[in-house]
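Observations on chain architecture
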Amino acid sequence: MFDLAPVSRYRLARPPLAQALGQVRYPLRPRLQTLDGVVPLQERLLEVFPYMNQEEIQQVSLLMGPGIQPASNTQTARTWRFTDDAGWALIVAADAATLSIGSEYEDFEEFRTRFAAAIAALHETTGLPRCERLGLRYVDIAQMPPGDDHAWCGWFRPELIGWSGGSIVGEGTRVVTSITQTQLAAPPAGDLVG
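Residues numbered from 1 in each chain as written. Predicted model: local features only at pLDDT ≥ 70, side-chain atom pairs only at ≥ 80, totals over all residues. Heavy atoms only, no water.

1. Some words on the nonpolar core
Stated formally: Take the buried Ala, Val, Leu, Ile, Met, Phe, Trp, Tyr and Cys residues and link them wherever side-chain atoms come within 4.5 Å; each set so joined is a nonpolar core. A 1.4 Å probe rolled over the protein chains alone gives each residue an accessible area, and that area as a share of the maximum for its type sets the label: buried under 20%, exposed over 50%, partly exposed in between. Labels follow the DSSP assignment, with helices taken as runs of H or I lasting at least four residues and strands as runs of E lasting at least two, numbered in each case from the N terminus. It only takes one pair of heavy atoms within 4.5 Å for two residues to be counted as in contact.
Counting 26 residues, the largest nonpolar core has Tyr-26, Leu-41, Phe-82, Leu-90, Val-92 and Leu-122 as its most contacted members. Considering each element in turn, this core owes the most residues, 6 residues, to helix H2 (residues 108-126). With residues near it in sequence (within four places) discarded, Leu-122 still touches Tyr-26, Leu-32, Leu-41, Val-92, Ala-97, Gly-127 and Leu-128. Trp-152, Cys-153, Ile-161 and Val-175 belong to the second largest nonpolar core, which has 5 residues in total.

Written as C-alpha coordinates, this is what we have:
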(Lines give C-alpha, C1' and ligand atoms only; values in the text may rest on other atoms or scores of the structure.)
Protein backbone atom coordinates (compact mmCIF):
# COMPACT_ATOMS: atom_id res chain seq x y z
CA MET A 1 0.00 0.00 0.00
CA PHE A 2 2.86 2.39 0.79
CA ASP A 3 6.15 2.85 -1.00
CA LEU A 4 8.30 2.68 2.15
CA ALA A 5 11.51 0.82 2.89
CA PRO A 6 11.09 -2.12 5.28
CA VAL A 7 11.78 -1.30 8.93
CA SER A 8 13.21 -3.76 11.40
CA ARG A 9 10.96 -4.57 14.35
CA TYR A 10 11.47 -2.62 17.55
CA ARG A 11 9.61 -1.96 20.79
CA LEU A 12 9.25 1.47 22.39
CA ALA A 13 10.03 1.82 26.10
CA ARG A 14 6.86 3.88 26.55
CA PRO A 15 4.49 2.99 23.69
CA PRO A 16 1.81 5.62 22.98
CA LEU A 17 -0.85 3.02 22.13
CA ALA A 18 -4.06 3.59 24.07
CA GLN A 19 -6.24 1.11 22.17
CA ALA A 20 -6.24 -1.15 19.12
CA LEU A 21 -9.58 -1.84 17.45
CA GLY A 22 -10.66 -4.11 14.63
CA GLN A 23 -14.21 -3.99 13.34
CA VAL A 24 -16.17 -6.07 10.87
CA ARG A 25 -19.55 -4.92 9.58
CA TYR A 26 -21.90 -7.47 8.07
CA PRO A 27 -25.50 -7.82 6.88
CA LEU A 28 -28.00 -7.57 9.73
CA ARG A 29 -28.38 -10.73 11.83
CA PRO A 30 -31.39 -9.98 14.12
CA ARG A 31 -31.01 -13.22 16.07
CA LEU A 32 -27.74 -11.86 17.53
CA GLN A 33 -29.96 -9.53 19.58
CA THR A 34 -31.32 -12.50 21.55
CA LEU A 35 -29.69 -14.71 24.15
CA ASP A 36 -30.75 -17.86 22.28
CA GLY A 37 -29.26 -16.45 19.07
CA VAL A 38 -25.88 -15.58 20.59
CA VAL A 39 -25.39 -18.81 22.61
CA PRO A 40 -23.82 -20.75 19.68
CA LEU A 41 -21.32 -17.91 19.21
CA GLN A 42 -20.51 -17.86 22.92
CA GLU A 43 -19.90 -21.61 22.90
CA ARG A 44 -17.66 -21.31 19.83
CA LEU A 45 -15.58 -18.49 21.43
CA LEU A 46 -15.47 -19.90 24.97
CA GLU A 47 -11.73 -20.73 24.91
CA VAL A 48 -10.75 -17.28 23.68
CA PHE A 49 -13.39 -15.22 25.52
CA PRO A 50 -14.63 -17.08 28.62
CA TYR A 51 -16.91 -14.28 29.89
CA MET A 52 -20.01 -12.73 28.34
CA ASN A 53 -22.18 -9.82 29.43
CA GLN A 54 -25.26 -8.32 27.86
CA GLU A 55 -25.24 -4.58 27.22
CA GLU A 56 -28.12 -2.39 26.16
CA ILE A 57 -27.22 0.80 24.34
CA GLN A 58 -29.68 3.61 23.82
CA GLN A 59 -29.39 5.30 20.45
CA VAL A 60 -30.99 8.71 19.96
CA SER A 61 -31.59 10.19 16.50
CA LEU A 62 -32.47 13.87 16.16
CA LEU A 63 -34.04 15.42 13.08
CA MET A 64 -33.80 19.20 12.85
CA GLY A 65 -33.67 21.75 10.08
CA PRO A 66 -35.38 24.74 8.57
CA GLY A 67 -39.11 24.19 8.25
CA ILE A 68 -38.89 20.82 10.00
CA GLN A 69 -40.56 20.22 13.34
CA PRO A 70 -37.76 18.90 15.63
CA ALA A 71 -38.25 15.18 16.22
CA SER A 72 -36.32 12.50 18.02
CA ASN A 73 -36.31 8.74 17.90
CA THR A 74 -34.88 6.53 20.66
CA GLN A 75 -34.00 2.90 20.09
CA THR A 76 -32.35 0.34 22.34
CA ALA A 77 -29.80 -1.98 20.80
CA ARG A 78 -28.64 -5.13 22.57
CA THR A 79 -24.98 -6.07 22.26
CA TRP A 80 -22.84 -8.75 23.83
CA ARG A 81 -19.45 -8.13 25.41
CA PHE A 82 -17.11 -11.12 25.37
CA THR A 83 -13.99 -10.69 27.52
CA ASP A 84 -11.04 -12.51 29.01
CA ASP A 85 -8.70 -11.88 31.95
CA ALA A 86 -5.98 -10.32 29.74
CA GLY A 87 -7.96 -7.19 28.75
CA TRP A 88 -9.32 -8.32 25.37
CA ALA A 89 -12.95 -7.53 24.48
CA LEU A 90 -15.19 -8.48 21.58
CA ILE A 91 -18.44 -6.51 21.24
CA VAL A 92 -20.99 -8.27 19.05
CA ALA A 93 -24.07 -6.51 17.68
CA ALA A 94 -26.63 -7.54 15.09
CA ASP A 95 -24.64 -5.82 12.33
CA ALA A 96 -21.04 -5.50 13.57
CA ALA A 97 -18.37 -7.01 15.78
CA THR A 98 -15.51 -5.03 17.31
CA LEU A 99 -12.35 -6.50 18.83
CA SER A 100 -10.41 -4.23 21.18
CA ILE A 101 -7.39 -4.28 23.46
CA GLY A 102 -5.83 -1.42 25.40
CA SER A 103 -2.24 -0.85 26.40
CA GLU A 104 -1.88 -4.61 26.95
CA TYR A 105 -1.47 -4.94 23.15
CA GLU A 106 1.71 -6.89 22.36
CA ASP A 107 1.83 -7.51 18.62
CA PHE A 108 -0.27 -7.72 15.50
CA GLU A 109 -0.03 -11.50 15.19
CA GLU A 110 -2.09 -12.09 18.35
CA PHE A 111 -4.56 -9.41 17.27
CA ARG A 112 -4.87 -10.99 13.81
CA THR A 113 -5.37 -14.45 15.31
CA ARG A 114 -8.16 -13.30 17.65
CA PHE A 115 -9.85 -11.20 14.96
CA ALA A 116 -9.77 -14.10 12.49
CA ALA A 117 -11.19 -16.44 15.18
CA ALA A 118 -14.05 -14.01 15.84
CA ILE A 119 -14.87 -13.64 12.13
CA ALA A 120 -14.71 -17.42 11.60
CA ALA A 121 -16.97 -18.03 14.62
CA LEU A 122 -19.50 -15.47 13.32
CA HIS A 123 -19.47 -17.12 9.91
CA GLU A 124 -19.89 -20.62 11.32
CA THR A 125 -22.61 -19.80 13.85
CA THR A 126 -24.68 -17.24 11.93
CA GLY A 127 -23.96 -18.14 8.31
CA LEU A 128 -22.67 -14.69 7.42
CA PRO A 129 -22.48 -14.56 3.63
CA ARG A 130 -20.00 -11.67 3.51
CA CYS A 131 -18.36 -8.78 5.32
CA GLU A 132 -19.48 -5.34 4.20
CA ARG A 133 -16.63 -3.47 5.84
CA LEU A 134 -13.46 -4.44 7.64
CA GLY A 135 -11.37 -1.90 9.52
CA LEU A 136 -8.42 -1.58 11.87
CA ARG A 137 -7.63 1.43 14.04
CA TYR A 138 -4.86 2.23 16.47
CA VAL A 139 -5.49 5.03 18.95
CA ASP A 140 -2.22 6.58 20.13
CA ILE A 141 -1.75 9.30 22.70
CA ALA A 142 1.57 11.09 22.38
CA GLN A 143 2.38 13.46 25.23
CA MET A 144 4.54 16.52 24.59
CA PRO A 145 7.83 16.82 26.44
CA PRO A 146 7.72 19.80 28.81
CA GLY A 147 9.12 23.05 27.43
CA ASP A 148 9.28 22.10 23.73
CA ASP A 149 5.92 22.49 22.02
CA HIS A 150 7.29 21.50 18.58
CA ALA A 151 9.47 18.50 19.50
CA TRP A 152 6.73 16.17 18.29
CA CYS A 153 7.23 17.31 14.67
CA GLY A 154 10.39 15.20 14.48
CA TRP A 155 8.58 12.06 15.67
CA PHE A 156 6.60 11.55 12.46
CA ARG A 157 7.16 11.62 8.72
CA PRO A 158 6.13 15.01 7.25
CA GLU A 159 3.53 13.29 5.04
CA LEU A 160 1.70 12.11 8.17
CA ILE A 161 1.84 15.37 10.12
CA GLY A 162 0.10 17.61 7.60
CA TRP A 163 -0.25 21.35 8.00
CA SER A 164 -0.25 21.33 11.81
CA GLY A 165 3.47 20.47 11.90
CA GLY A 166 4.54 22.93 9.24
CA SER A 167 5.76 26.50 9.40
CA ILE A 168 2.21 27.85 9.00
CA VAL A 169 1.67 27.71 12.79
CA GLY A 170 2.69 31.09 14.22
CA GLU A 171 5.24 31.72 16.96
CA GLY A 172 3.78 31.25 20.44
CA THR A 173 0.97 29.07 19.09
CA ARG A 174 0.90 25.45 20.09
CA VAL A 175 -1.12 22.65 18.60
CA VAL A 176 -3.39 21.33 21.34
CA THR A 177 -5.15 18.68 19.28
CA SER A 178 -4.87 17.58 15.68
CA ILE A 179 -7.13 14.89 14.29
CA THR A 180 -6.58 13.63 10.77
CA GLN A 181 -8.48 10.91 8.99
CA THR A 182 -7.16 9.33 5.83
CA GLN A 183 -8.90 6.53 3.99
CA LEU A 184 -6.97 4.39 1.54
CA ALA A 185 -8.19 1.61 -0.72
CA ALA A 186 -5.84 -1.13 -1.91
CA PRO A 187 -6.25 -4.68 -3.17
CA PRO A 188 -6.03 -7.33 -0.44
CA ALA A 189 -2.54 -8.60 0.36
CA GLY A 190 -1.86 -11.84 2.17
CA ASP A 191 -4.37 -14.05 3.91
CA LEU A 192 -6.27 -12.66 6.92
CA VAL A 193 -7.61 -16.01 8.03
CA GLY A 194 -4.67 -18.31 7.25
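2. Section: the pattern of salt bridges
What counts is decided by this rule: In what follows, salt bridge is the name for a side-chain nitrogen of Lys or Arg lying within 4 Å of a carboxyl oxygen of Asp or Glu.
Here the structure, examined in full by the defined rule, presents 8 salt bridges. Two residues, Arg-25 and Asp-95, come together in a salt bridge whose shortest N-O distance is 3.8 Å. Of this pair, Arg-25 sits in strand E1 (residues 17-25) while Asp-95 is found in the loop between strand E4 (89-92) and strand E5 (96-101), placing the two residues 70 residues apart along the sequence. By relative accessible area, which is 32% here, Asp-95 ends up partly exposed. A salt bridge links Arg-114 to Asp-84; the nearest nitrogen and oxygen atoms lie 3.1 Å apart. Of this pair, Arg-114 sits in helix H2 while Asp-84 is found in the loop between strand E3 (68-83) and E4, placing the two residues 30 residues apart along the sequence. Connected through salt bridges with shared partners, the residues Asp-84, Glu-110 and Arg-114 form a single ionic network.

3. As for the environment of Cys-153
Take Cys-153: it is sitting in the loop between strand E6 (133-140) and helix H3 (158-161). Once residues within four sequence positions are removed from consideration, Cys-153 is found in contact with Ile-161 and Gly-165.

4. Here we look at helix H1 (residues 35-45)
In plain terms, the rule: This arc describes the spread of directions from the helix axis toward the C-beta atoms.
Buried within H1 we find Gly-37, Val-38, Leu-41 and Leu-45. All buried residues of H1 lie within an arc of 75 degrees about the axis, which places them on one face of the element. Along H1, exposed side chains directed more than 90 degrees from the buried face belong to Asp-36 and Glu-43. Contact partners of the buried residues in H1: strand E2 (51-65), E3, E4 and H2.

5. Some points on the pairing of E2
Test applied: Paired strands, in this sense, are two strands between which DSSP finds at least two bridges.
Pairing between E2 and E3: 14 bridges, direction antiparallel. Each residue of the ladder has a partner; that of Leu-63, found in E3, is Ala-71. As consecutive antiparallel partners, E2 and E3 are separated by 2 residues, and within that stretch Gly-67 has a phi angle of approximately 75 degrees, a positive value.

6. Side note on the packing of aromatic side chains
Which entries qualify depends on this criterion: We call Phe, Tyr and Trp rings a pair once their centres come within 6.5 Å, taking the six-membered ring for Trp, and we label the pair stacked below 30 degrees between planes, edge-to-face above 60, and tilted otherwise.
Scanning the entire structure with this criterion turns up 5 aromatic pairs. With a centroid separation of 6.5 Å and 25 degrees between ring planes, the pair formed by Phe-108 and Phe-111 is classed as stacked. Note that Phe-108 and Phe-111 are positioned in helix H2 at a spacing of 3 residues, about one turn of the helix. Assessed through its relative accessible area of 38%, Phe-108 is described here as partly exposed.

7. Description of H2
Spelled out, the test is: To estimate how far a helix should reach, multiply one less than its number of residues by 1.5 Å.
The terminal C-alpha atoms of H2, which comprises 19 residues, lie 26 Å apart, in line with the 27 Å expected from a rise of 1.5 Å per residue. Lining the buried residues of H2 we find E1, H1, E4, E5 and E6.

8. Comments concerning the confidence of the model for the protein chain
Rule in force here: Scored between 0 and 100, pLDDT is the confidence that the predictor attaches to each residue.
The share of residues in the protein chain with pLDDT of 70 or more is 96%, and the mean pLDDT across the chain is 85. Element-level pLDDT for the protein chain is lowest in H3, with a mean of 74, against a maximum mean of 97 in E4.

9. Quick look at the packing of H1 against H2
Our working rule: Fitted lines through C-alpha atoms give the axes, limited to the stretch in contact for helices. The angle between two N-to-C directions lies from 0 to 180 degrees. These descriptions rest on fixed angle ranges, namely under 35 degrees for roughly parallel, over 145 for roughly antiparallel, 65 to 115 for roughly perpendicular, and the rest for oblique. Should the near helix be turned anticlockwise from the far one by less than a right angle, the crossing is termed left-handed; should it be turned clockwise, right-handed. Polarity classes work like this: nonpolar for Ala, Val, Leu, Ile, Met, Phe, Trp, Tyr, Cys and Pro, charged for Asp, Glu, Lys and Arg, and polar for all others, with Gly in that last group.
Running from amino to carboxyl end, H1 crosses H2 at an angle of 140 degrees, the nearest separation of the two axes being 9 Å. One way to sum up the angle between H1 and H2 is to call them oblique. Read as a crossing pair, H1 and H2 show a hand that is right-handed. Residues Pro-40, Leu-41, Arg-44 and Leu-45 of H1 lie in contact with H2, whose contacting residues are Ala-117, Ala-118, Ala-120, Ala-121, Leu-122, Glu-124 and Thr-125. Looking at the contact of H1 with H2 residue by residue, the classes come out as 8 nonpolar, 1 polar and 2 charged.

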